[in-house]
Each structure stands twice: as structure tokens, then as C-alpha cells.
Amino acid sequence: MTDFTEEDLDHFLLNQVDLRHRLVSKTVEEVQKIMKDLTSEVSNKDARFLSIANSGVHNNDNVKDQPALLSKWTALLRGKYAFNPAIQVLTPTLFLISVPVKGLMGYKERRTRQWRYYSLTGSRLLSPVREPEKLHQWLELESFANASQEWQDAAVAIEGDIVPSKVATVFREQLEEAIKSCSLTGKVSILESVGSVVRVAVETSEMQVEAELVPTVELMNCWPKKGRWPRLLKRWPSAERARCIKSFGFNLMATSNYHWLLSFSRAEQVLLGSIDEDGGCRRKCYRVVRQLKEDVWCPGNKPVITTYHLQTLLFWTCEKYPGARDWRNLRESVLRLARKLLKCATQRYLRHYFVRSHNLLKYTNTNELDDMAKKIAEFLENPGTYIH
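Report follows, based on the coordinates. (Residues numbered from 1 in each chain as written. Predicted model: local features only at pLDDT ≥ 70, side-chain atom pairs only at ≥ 80, totals over all residues. Heavy atoms only, no water.)

**Brief notes about the packing of helix α5 (residues 265-273) against helix α7 (residues 307-320)**
Running from N to C, α5 and α7 cross one another at 60°; their axes reach a closest spacing of 11 Å. For the element pair α5 / α7, the angle class is oblique. For the pair α5 and α7, the crossing hand works out as left-handed. Where α5 abuts α7, its residues Glu 268, Leu 271 and Leu 272 lie against Tyr 308, Gln 311, Leu 314 and Phe 315. Looking at side-chain class alone, the contact of α5 with α7 contains 5 nonpolar, 1 polar and 1 charged residues. (Axes fitted to C-alpha atoms, helices over the stretch in contact; angles between N-to-C directions. Helix = DSSP H or I, 4+ residues; strand = E, 2+ residues; numbered from the N terminus. Parallel < 35°, antiparallel > 145°, perpendicular 65-115°, else oblique. Left-handed = near helix turned anticlockwise from the far one by under 90°. Contact = heavy atoms within 4.5 Å. Nonpolar A, V, L, I, M, F, W, Y, C, P; charged D, E, K, R; others polar.)

**Examining α5**
Counted residue by residue, α5 has 9 buried out of 9 residues, so it is predominantly covered. Those residues of α5 lying buried are Ser 265, Arg 266, Ala 267, Glu 268, Gln 269, Val 270, Leu 271, Leu 272 and Gly 273. (Buried < 20%, exposed > 50% of the residue type's maximum accessible area, 1.4 Å probe, protein only.)

**Side note on helix α9 (residues 366-381)**
Taking 1.5 Å of rise per residue, the 16 residues of α9 would be expected to cover 22 Å, and the 23 Å separating its terminal C-alpha atoms lies within 8% of that figure. Within α9 the residues assigned to the buried category are Leu 369, Met 372, Ala 373, Ile 376, Phe 379 and Leu 380. Down the axis of α9, the sector holding all buried residues measures 120°, keeping them to one side. Across α9 from its buried face, at more than 90 degrees, point the exposed residues Asn 367, Lys 374 and Glu 381. (Expected span 1.5 Å × (residues − 1). Arc of directions from axis to C-beta.)

That is the geometry; function is a separate question.
The following block contains the structure:
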């Protein structure tokens, strides 16, 4: 067995992980500027959509009179996130971008009707549309105390439901026009997509990347019933930190035809941003495993495991090993996280961190998971051949 040392890890972080970070940072910076210009132009034409510059608590009028929450959000992001919180880097060439919407205020979760008997064109069906899955839900206009008249338009709503595929279609049409009016046809092109996700290719100075733009309802100061968190008797995160995280609420994203996807991106950013307050090496561990995943275990533009899966796995591992002493040894931490990833791939099961009844690997390609599991097993047998 070829092993590795802490010195090897330091060298790996300095020469490979940091290099990746610099390249991705430059790419994200370019993509961010382009997307700000495009979404600002879309917002000028259709006020229901906002620029990604307004993503986060700055989009929500309900918290404008809550300076404590605003300052808390700013402090948590300061120095930790150089880029807009609307942009999630799934791989170095694949980004998920949340486009905030406006005009839906005063959300309150309510018991919704069980079935919908309509098609996406608004015609009535003989049999009902299937129920939402664990991480999805319907969204009714009646859920909002104050919904602007524009959201009652048949272009985005049917029988009182705000339909994500219709919202995405309207956004896509506006985006096509914005690309032309911003003279970005040479840099941005809309791709064919499955479902309602709006996919674009973006030319940067280093490479071509793909971005998925998703209209997103940002909901502050509320937490969905499906998100049964934190769990009883768990020491990580602290009760105070958990309350802070839940105050930032959640999102509903227009990723499918009828149902809105629950997203906890703000909560996850806050959780990750404060993950090493006790002086541990969790973030370094995560960065090493992410680099190995992208270079060796699961490379490619659309891998079966993304940084989001690794982040979720890290949260679960932190919950199981909550103490600072559990994260003092970087070498042991890396091997532990790799073993947990191998278990997830082998069992084809990774629970969502906030909605734990949902398996994030439910629809993944099993052959790709098996290939990745084999590579991780080979790494664990001779880790020193990969970290040097």
C-alpha cells in the first residue's frame, strides 16, 4: 500500500487544488458578469424576473425592515464568497444559476389540493397529474398574501397554480431577446433541454461552460414542513447556528413541468461558510476530495456526482463527527470522507441533508456509480499514488 503524508496533502492543495480554484474563479467571474447583464435586460422587459444581482435577502421586501438579518447575511458572505450566491458551481464547466422572481409576497405553506386535472396547455385531463416527489411541491397563488396581478396571467398560471414550465418558457423567450439586445450572440447560445430547465452555453476566455438558468421563488423567514431539521440530540451544528440558518428560508425552483423543487442553497452556504469555526480541517478535506473526484474518480462535464453531492456528504459526516478533535488530522479526514463516498456509490444512496427521506442518487446512472466506486476503492488501497 502506498500511503501519503500531511506534507503530501499540503503540496496537493497548493499545486492542484489552488490551481483549480483560480481557474474556476476566473470563469465564474466572467459568467457572473454576462448573466448580470442578461438578467438585468430581462428584468427591464418583464418585471417578474430580477437580475441575479438581487439574489438572496436583497430580493425580499419582507426583510428590508429587518437590519439584523440583512447584516447577518452580509457578514456571513463577506470574505467567503467572492461571487453571487445565485451561482452554484456543480463542476468546473457546469453552473446552476437561480434567477429570482418578484411579485410573490407573504408566503405561507398550506395544505394543497391532492390532484391536478389539467395539461400544461390548460386543457382538462381525464386522469390526474402525478403527485410531487419528496423534494417537490405544487405552488398556488393562494399561498401568497400578496401576489401581483402579472402572476395571475394565463401565460404562467393554470387554475390558481403557478406552473414552473410556463414560467420557464416565458423566461426563455425573454432571455433569447436579451442575448440579441445585449449583443451577446457570439458568447451565449441557448441549448436544447429536457423539461423546463433553460440551458445555455457560455464562451469564456478559457473554455466553454454550460449554465442552467432557473427562475426561483426566494422565501425568507420560513421553513418547509418537509425539512425536518435539525434532528434531535445532534451536536452539529449548534442550536444557535441552526436557528440562524433556518432564518434564511428556502427557495422554490422551476426545474420541472408541474412541480417546484425545494432548494436550501442559502442555508447550505451559511452552513459551509462557518464550517471550520472551531479550527477544524473540514473545508480542506472537502476541497481535496472534490479535486480527486473531478480528476480521477468521476471526471467529465456531466458527472454522476457533483460538488453538491460532496457538500451533502460533508454535512452528514460533520453531523456524525461533530467535535473539533474529529477534524484535526487532514489525512484521516480525507480517507474517512472517501470511504463514505464509496459507501454511497456502492449502495446508490445519499440522503438529502434537509429532506432526509429523499435519495439524491435515486435517478443516477448505476453503471457510472459502479465505475466511480471501483476507482475510489483503488484509491483507498493505494492513496499515495494519487496524492503526491
